[in-house]
Amino acid sequence: MHFAMSGSTGILRTCISAGLLAIVVVSPTQYGREIASNVYLSPVDPLVWLTAFLWLLDIVKSRRWSSLRWPPLFVGLFLLVAAVSWLKSSPSLASLKDLFQWVEYFVVVYMLFASNLDDLRSVKTVIYVFLGTATAIVALGVVQYMTPSTEAFLIRGTFGNRNVLGGYLALIIPLCFGLILFDPSWPRRTWYGLLMLAGLVITLSGGTFIAVLLSLGILAMIRGPRVFTVFVVVALAAMTLAPPRLPRSNPLVLHESIRLYGDNNEVSRRYTEWEAAVIMTQENPWIGVGMGRYQENIGSYYGTLPHPPGTTSEHDSQNLYLVLASSIGIVGFAAFLGMLIFFAVQAGRLCQRLEDVWLRGLSLGIF
């Protein structure tokens with residue numbers, strides 16, 4: 001009987017490990033099936049809950065309650081404020097879906113990975129699968145980039161457009177750079193470097209490009225003044241010599257994606273919407289206009305900037321910090337920033353404390 005229980009536990013553990021890797025592979029996409037009005041189910045959602053069910057079953061059977069890793073206080077505060085905001089907002093199925101997915105991502109997924117990645121081998125496996133998936137997505141982006149008939153906005157990898165791909169690349173590229181600065185393996189450093197280079201070439205969202213350069217500069221300076229100097233020289237040389245040799249006019253596309261004024265000298269629509277979101281936050285500071293109600297409210301808060309009639313913002317060009325602050329208020333927004341800062345500080349501390357050089361590079365990239 002003990003042998004049977006051990007065997008079933010081993011099978012469960014194998015399924016959980018496979019589920020974690022499957023989540024890493026499937027999650028970076030915006031594709032989903034509409035199951036109700038404005039309610040979409042992505043492929044990763046059922047996978048997360050199935051893996052979580054198997055994990056809880058394993059915890060109950062093996063009584064390994066001490067292995068549970070709970071999310072930090074800021075996560076609970078963020079979800080509490082979001083729930084209060086949702087109750088204020090004439091709750092709809094679409095806004096409930098948002099709240100449900102925030103619980104899924106910030107609690108369930110966090111606990112799944114934090115509780116199960118308890119040794120260096122499992123951490124490395126997940127990171128290499130993560131970067132392997134990123135390599136495939138960036139390769140797809142390169143194919144789109146090299147296809148002349150594909151407009152710049154639709155160089156998107158597995159995502160909806162260049163702006164969402166840019167958000168993904170803003171995670172991948174600094175992570176690769178952190179690993180390059182510490183990983184002793186030259187084959188792996190070559191892999192990270194090529195992934196970085198290709199990612200930078202297909203980055204056609206100006207905000208992402210600026211953010212990534214700043215991030216890389218900060219990481220280089222943390223590693224040391226000499227590394228920072230080399231980074232600056234290489235970056236300046238690349239930005240000077242590479243653009244004329246690229247099949248697209250990257251500097252022009254990047255500038256047009258974030259320029260303040262359009263062709264007719266009117267303020268770009270993205271910035272008039274950002275101003276409206278600031279005003280909406282100022283007038284609804286504590287719990288916002290209600291979770292999931294940003295889009296239906298933003299139109300009544302346009303302020304002093306001209307609002308050209310008939311124009312629409314580029315998809316996913318909103319300032320998502322302002323979307324969050326105006327939807328659930330400054331308390332929820334502060335809790336969200338608390339999450340980001342908490343994990344950044346944790347990663348920074350680990351980078352200084354750890355002896356394993358690969359883990360130090362990983363921690364720096366996560367920071």
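Residues numbered from 1 in each chain as written. Predicted model: local features only at pLDDT ≥ 70, side-chain atom pairs only at ≥ 80, totals over all residues. Heavy atoms only, no water.

## A closer look at the overall build of the chain
Moving on, step 1. Within the chain, the regular secondary structure consists of 14 helices and two strands.
Moving on, step 2. For a compact globule of 367 residues, the expected C-alpha radius of gyration is about 21 Å, and the chain comes in at 22 Å, within 12% of that figure.
Moving on, step 3. The buried share of the chain, reckoned over its 367 residues, is 43%.
Moving on, step 4. Pairs at least 24 residues apart make up 73% of the contacts formed inside the chain by residues separated by at least 6 positions.
Moving on, step 5. For the chain, the accessible area works out to roughly 19,600 Å², and carbon and sulfur atoms hold 68% of it.
Moving on, step 6. Here the chain contributes 25 positive and 20 negative side-chain charges, whose respective centroids are spaced 10 Å apart. (Helix = DSSP H or I, 4+ residues; strand = E, 2+ residues; numbered from the N terminus. Rg over C-alpha atoms; globule rule 2.2 N^0.38 Å. Buried < 20%, exposed > 50% of the residue type's maximum accessible area, 1.4 Å probe, protein only. Contact = heavy atoms within 4.5 Å. Areas by Shrake-Rupley, 256 points an atom, 1.4 Å probe, with all protein chains shown as cover. Lys, Arg positive; Asp, Glu negative; His and termini not counted. Charge placed at Lys NZ, Arg CZ, Asp CG, Glu CD.)

## Concerning the pattern of salt bridges
Moving on, step 1. Enumeration over the complete set of coordinates arrives at six salt bridges.
Moving on, step 2. Of the charged contacts in the structure, one is a salt bridge between Glu314 and Arg162, with a shortest N-O distance of 2.9 Å. Highlighted residues: Glu314 in the loop between α12 (294-297) and α13 (320-353) and Arg162 in helix α6 (residues 162-180), separated in sequence by 152 residues.
Moving on, step 3. We classify Arg162 as buried; its relative accessible area is 9%.
Moving on, step 4. Between Arg293 and Glu296 there is a salt bridge, and its shortest N-O distance comes to 3.1 Å. (Salt bridge = Lys/Arg side-chain N within 4 Å of Asp/Glu carboxyl O.)

## Things to note about the packing of aromatic side chains
Moving on, step 1. Per the counting criterion, the structure on display carries 14 aromatic pairs.
Moving on, step 2. The interplanar angle of 50 degrees and the centroid separation of 5.7 Å between the aromatic rings of Phe78 and Phe336 together place this pair among those described as tilted. In this pair, Phe78 is assigned in helix α3 (residues 73-88) and Phe336 in helix α13, connecting sequence segments 258 residues apart.
Moving on, step 3. Judged by its relative accessible area of 17%, Phe336 falls in the buried class.
Moving on, step 4. Between Tyr110 and Phe343 the ring centres are 5.8 Å apart and the planes differ by 50 degrees, which places this aromatic pair in the tilted class. (Phe/Tyr/Trp six-rings, centres within 6.5 Å; stacked < 30°, edge-to-face > 60°.)

## Points about helix α5 (residues 120-146)
Moving on, step 1. Relative to the 39 Å expected for 27 residues at 1.5 Å per residue, α5 spans 38 Å between its end C-alpha atoms, a close match to the ideal helical length.
Moving on, step 2. Those residues of α5 that fall on the buried side of the exposure criterion are Ser122, Val123, Val126, Ile127, Leu131, Thr133, Ala134, Ile137, Val138, Gly141, Gln144 and Tyr145.
Moving on, step 3. If you check the start of α5, you find a side-chain oxygen 3.1 Å away from the backbone N of Arg121, and it comes from Asp119. (Expected span 1.5 Å × (residues − 1). Polar contact = N/O pair within 3.5 Å; in protein donor to acceptor, adjacent residues only side chain to side chain.)

## Remarks on the side chain of Thr281
Moving on, step 1. Counting through the fold element by element, Thr281 comes out in helix α11 (residues 269-283).
Moving on, step 2. Contacts of Thr281, omitting those with residues within four sequence positions, involve Leu322, Ala325, Ser326 and Ile330.

## Here we look at the environment of Ala83
Moving on, step 1. Within the secondary structure, Ala83 is located in helix α3.
Moving on, step 2. Ala83 sits 69 residues away from Thr14 along the chain, and the two C-alpha atoms are 35 Å apart.

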